[in-house]
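Below, each chain spelled out in residue letters.
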Amino acid sequence: MISVYLDRPTWAHRRSAGMKLGLLALCSVLLLPQDSLILFIGCLAGALTLYASLGRDGLSQVLLLKPMIVFFGIILVFHGLFTGWQEGFVVVLRLIVMVLLANFVSITTRMDDMMDAVMPLFVPLKWLGGSPRTIALAVALVLRFVPVLMTVYGGLSESYRARGGKQGSWRLIAPFALQSLRLSENVAEALSARGGARGVFEQNRSAGRNVRLTGLQVGK
Amino acid sequence: MALWHPLRRKDAKKELNPNQDVYARFDRVKLTLGNRQVLSDVSLSLSEKRIGVVGLNGSGKSSFVRLVNGLRRADSGTVKVFGSDIDDVAADLPRFVGFVFQNPDHQAIFPTVGEEIAFGLRQLGFDKAKARDDALRFLELHSCSALVDKPFAELSEGQKQLICILAVLVMEPKVLILDEPMASLDGLAGRKIMQKLKKLDQKLLMISHDLSFLADFDRILWLEDGSIRMDSVPGDVLPAFRADVERRSALELGGDDL
Ligand SMILES: Nc1ncnc2c1ncn2[C@@H]1O[C@H](COP(=O)(O)OP(=O)(O)OP(=O)(O)O)[C@@H](O)[C@H]1O
Ligand SMILES: [Mg+2]
């Protein structure tokens, strides 16, 4: 689920990323086995209240569900026909509530906080000689570049159609793969130009060198 | 190209002295990519405050400047950066040699401006709170504090490029390399960025196709087919380069229609 970060600080931004992710995990575990329709309607109302508490632009984030309506519809009909409508509504509502809650965390949490919160999960990598920071960075990169890749695909598809091609053709797969590789090469280069995944840690890191703000005489 | 390189930081560490005047010295450097000789026999040293690089497409400009910060390594000859062999100090180079790419969308890693700036500081070993604090102060200093929580994708092209430059500057390099930084900007945004660049303490090594930006540089390198065709002050090189482009286009496009 890729969505934009809400760039206006709200009460939810001030809560720690670890707490938000922890609560999210707890909710998933608790809600998964439930099958009461009333409970999920209550949860949906709760989730919407959370969004509303962020203000109008917060509430409008709920629109992100729009592209998934078809998907929810299919699940609902499928369950309705084979196991019963009540069941169908429960399954769909459970999905909607979980998506809304997860998205709520992602629009109110900075990427670097999120990385720091999940980094402990990757600590075991250290024993294998890996670096948790690298994984956290990789996660950040994936989140950052999924929308970029979608734009790349959009561009390709547009120029293909501009020359008479059909929408969603398999012919775009190869050029898309090539362009994605090219992009990833550029990004990798840009990352290593700033010290790579491991950084250029200085000796006096704990001393906390100050940014020499005066050294850069850049005019107003 | 790999993000994580098990050997990268294990190489014997040599201290480099970033306070010397000459920041890069090329000695008979050759570079081959695929089976193409991209640079042949380049020898020079770079020390001037502002050096421009010009040349036609494919003449080797990008490859040349990438040799200075270790993004590319020479096949033969030596590249010394601040007096040390580049192979010995490559891991430390990002601290001293900043690099700004042509396309800001390839450079920015984080979704918001503040995180993008703070990333450079965390690369230097700052903890998160301090990195974020200093990033904000740095943005304030450059009158960009309003952008701190803005998603990078929503900035104008000019703002994007400015943020990319700031994200490199915050690491306080001694030298700033720019590979056609103004290519995607309109004339006004380009000029604004150039004005900022001229006020920096950092030494500049900049590729540009817009020669007007280079007119008051200290030195211009003209690359042609992988070698230095001319190396002098702008007053000499720029008119000669312009005349050469004119001559070629007259020759190649000539009277015949395309
Ligand atoms: N990875 C690569 N593999 C093979 N050849 C390459 C590679 N990168 C660049 N080249 C070739 O090396 C030559 C010099 O490329 P370079 O990018 O340095 O030129 P440039 O002067 O920066 O050109 P431009 O003005 O188009 O940016 C070109 O002919 C290019 O095709
Ligand atoms: Mg180039």
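Quick note: structure is the one above.
Residues numbered from 1 in each chain as written. Chains lettered and ligands numbered in written order. Predicted model: local features only at pLDDT ≥ 70, side-chain atom pairs only at ≥ 80, totals over all residues. Heavy atoms only, no water.

> Explain the site of ligand 1 here, please?
Residue and element names in this part refer to chain B. By nearness alone, 13 residues border ligand 1, and Arg36, Gly58, Lys61, Ser62 and Ser63 come closest of all. Between ligand 1 and Gly60 there is a distance of 3.0 Å, counted from an oxygen atom to a backbone nitrogen or oxygen. Contacts to ligand 1 include Ser62, whose side-chain N or O atom sits 2.6 Å from an oxygen atom. Among the secondary structure elements, those contributing two or more residues to the shell around ligand 1 are strand S2 (36–46) and helix H1 (61–68). It is H1 that provides the largest number of residues to the shell around ligand 1, a total of 3 residues. Across the shell around ligand 1, the residue classes tally to 3 nonpolar, 7 polar and 3 charged. (Near = heavy atom within 4 Å. Polar contact = N/O pair within 3.5 Å; in protein donor to acceptor, adjacent residues only side chain to side chain. Helix = DSSP H or I, 4+ residues; strand = E, 2+ residues; numbered from the N terminus. Nonpolar A, V, L, I, M, F, W, Y, C, P; charged D, E, K, R; others polar.)

> What exactly am I supposed to notice about the packing of helix H5 (residues 69–82) of chain A against helix H6 (residues 85–107) of chain A here?
Think of two packed helices as two axes; the pair is described by the angle between the axes and how far apart they sit. Residues and elements named next belong to chain A. Packing of H5 against H6 leaves a shortest axis separation of 7 Å and a crossing angle of 155°. As the angle between them shows, H5 and H6 are arranged roughly antiparallel. Handedness of the H5/H6 crossing: right-handed. Touching Phe72, Ile75, Leu76, Val77, His79, Gly80 and Leu81 of H5 are Trp85, Glu87, Gly88, Phe89, Val91, Val92, Leu95 and Ile96, all from H6. For the contact of H5 with H6, a count of residues per class yields 11 nonpolar, 3 polar and 1 charged. (Axes fitted to C-alpha atoms, helices over the stretch in contact; angles between N-to-C directions. Parallel < 35°, antiparallel > 145°, perpendicular 65-115°, else oblique. Left-handed = near helix turned anticlockwise from the far one by under 90°. Contact = heavy atoms within 4.5 Å.)

> It is not clear to me how helix H7 (residues 157–169) of chain B should be interpreted in this structure. Could you clarify?
Given 3.6 residues to a turn, an α-helix orients residues that are three or four positions apart in the same direction. Residues and elements named next belong to chain B. With 13 residues, H7 ought to run about 18 Å at 1.5 Å a step, and its terminal C-alpha atoms sit 18 Å apart, in line with that. The buried fraction of H7 amounts to 11 of the 13 residues, a majority that puts the element mostly inside the structure. For H7, the set of buried residues is Gly158, Lys160, Gln161, Leu162, Ile163, Cys164, Ile165, Leu166, Ala167, Val168 and Leu169. Contacts made by the buried residues of H7 are with strand S6 (97–100), helix H4 (104–107), helix H5 (113–123), helix H6 (128–141), strand S7 (175–179) and helix H8 (187–198). (Expected span 1.5 Å × (residues − 1). Buried < 20%, exposed > 50% of the residue type's maximum accessible area, 1.4 Å probe, protein only.)

> Even after reading the chapter, I still don't get the pattern of salt bridges, so can you show me in this structure?
Proximity of charged atoms lets side chains of opposite charge pair with each other. One pass over the structure, following the stated rule, counts 22 salt bridges over all chains. The salt bridge involving Asp113 of chain A is made with Arg132 of chain B; its shortest N-O contact spans 2.8 Å. Taken as a pair, Asp113 of chain A in helix H7 (residues 111–118) and Arg132 of chain B in helix H6 lie in two separate chains rather than in one. By relative accessible area, which is 28% here, Arg132 of chain B ends up partly exposed. (Salt bridge = Lys/Arg side-chain N within 4 Å of Asp/Glu carboxyl O.)

> What is the right way to look at the packing of H5 of chain B against H7 of chain B in this model?
Residues and elements named next belong to chain B. With their axes 7 Å apart at the nearest point, H5 and H7 run at an angle of 25° to one another. One finds that H5 runs roughly parallel with respect to H7. Residues Val113, Glu116 and Ile117 of H5 pack against Ile163, Leu166 and Ala167 of H7. Tallied by class, the residues present in the contact of H5 with H7 amount to 5 nonpolar, no polar and 1 charged.

> Hey, could you run me through the sheet that holds strand S4 (residues 76–81) of chain B in this one?
Pairing between the strands of a sheet comes from backbone hydrogen bonds, and it takes one of two forms, parallel or antiparallel. Residues and elements named next belong to chain B. Read from one edge to the other, the open sheet built from 4 strands follows the order S2-S1-S4-S5, with strand pairing classed as antiparallel. Here the strands that pair on one side only, and so sit at the sheet edges, are S2 and strand S5 (84–85). Direction of pairing for S4 relative to S5: antiparallel, over a ladder of 2 bridges. Bridging from a neighbouring strand, Lys80 pairs with Asp85 of S5. (Pairing = 2+ DSSP bridges.)

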